[in-house]
Amino acid sequence: MFICPACNGFEVLSFSCPECEGEMKDRGRLVDYLDEYSPYLDDEGLKLVDGLKHSTDEHTCLHVLYCSQCETTNEYAVQEEHQ
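Residues numbered from 1 in each chain as written. Predicted model: local features only at pLDDT ≥ 70, side-chain atom pairs only at ≥ 80, totals over all residues. Heavy atoms only, no water.

Moving on, we get to the pattern of salt bridges. Counted by the stated rule, this structure contains 1 salt bridge. Here R29 makes a salt bridge to D32, at a shortest N to O gap of 2.5 Å. Given the relative accessible area of 10%, R29 is considered buried. (Salt bridge = Lys/Arg side-chain N within 4 Å of Asp/Glu carboxyl O. Buried < 20%, exposed > 50% of the residue type's maximum accessible area, 1.4 Å probe, protein only.)

In structure tokens:
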């Protein structure tokens, strides 16, 4: 079984914004923004539509990063850990 350290609170994602150097904060998994039911669906099934070709095979979880200063949004693939 693989789990995302960011989704489970083991790791906090925080990066410098490439546009304004402000702090970009994690806003959760990209697939959670697909519709109102996606946070409740099977993780492995959602990886088929997350936009990453090999996210299931490579055990990555795609997160949304947001800068509140300039409203820039980026995506970041988090490496899942084996449990």
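So much for the structure itself; the text now carries on.
Across the sheet, which stays open at both edges, the 4 strands sit in the order 2-3-4-5 with antiparallel pairing between neighbours. Whereas interior strands pair on both sides, the edge strands pair on one side only; in this sheet they are strand 2 (14–16) and strand 5 (73–79). The average undirected angle you get between the axes of adjacent strands in this sheet is 40°. Here strand 2 runs beside strand 3 (residues 23–29); their pairing, made up of 3 bridges, is antiparallel. Counterpart to F15 in the pairing with strand 3 is M24. (Pairing = 2+ DSSP bridges. Helix = DSSP H or I, 4+ residues; strand = E, 2+ residues; numbered from the N terminus. Axes fitted to C-alpha atoms, helices over the stretch in contact; angles between N-to-C directions.)

On to the packing of aromatic side chains. One pass over the full model with this rule turns up 1 aromatic pair. Note on F15 and Y76: the rings are 4.6 Å apart at their centroids and 50° apart in plane angle, and the pair reads as tilted. One end of the pair, F15, is in strand 2; the other, Y76, is in strand 5, and 61 residues separate them in sequence. Note on F15: relative accessible area 31%, which makes it partly exposed. (Phe/Tyr/Trp six-rings, centres within 6.5 Å; stacked < 30°, edge-to-face > 60°.)

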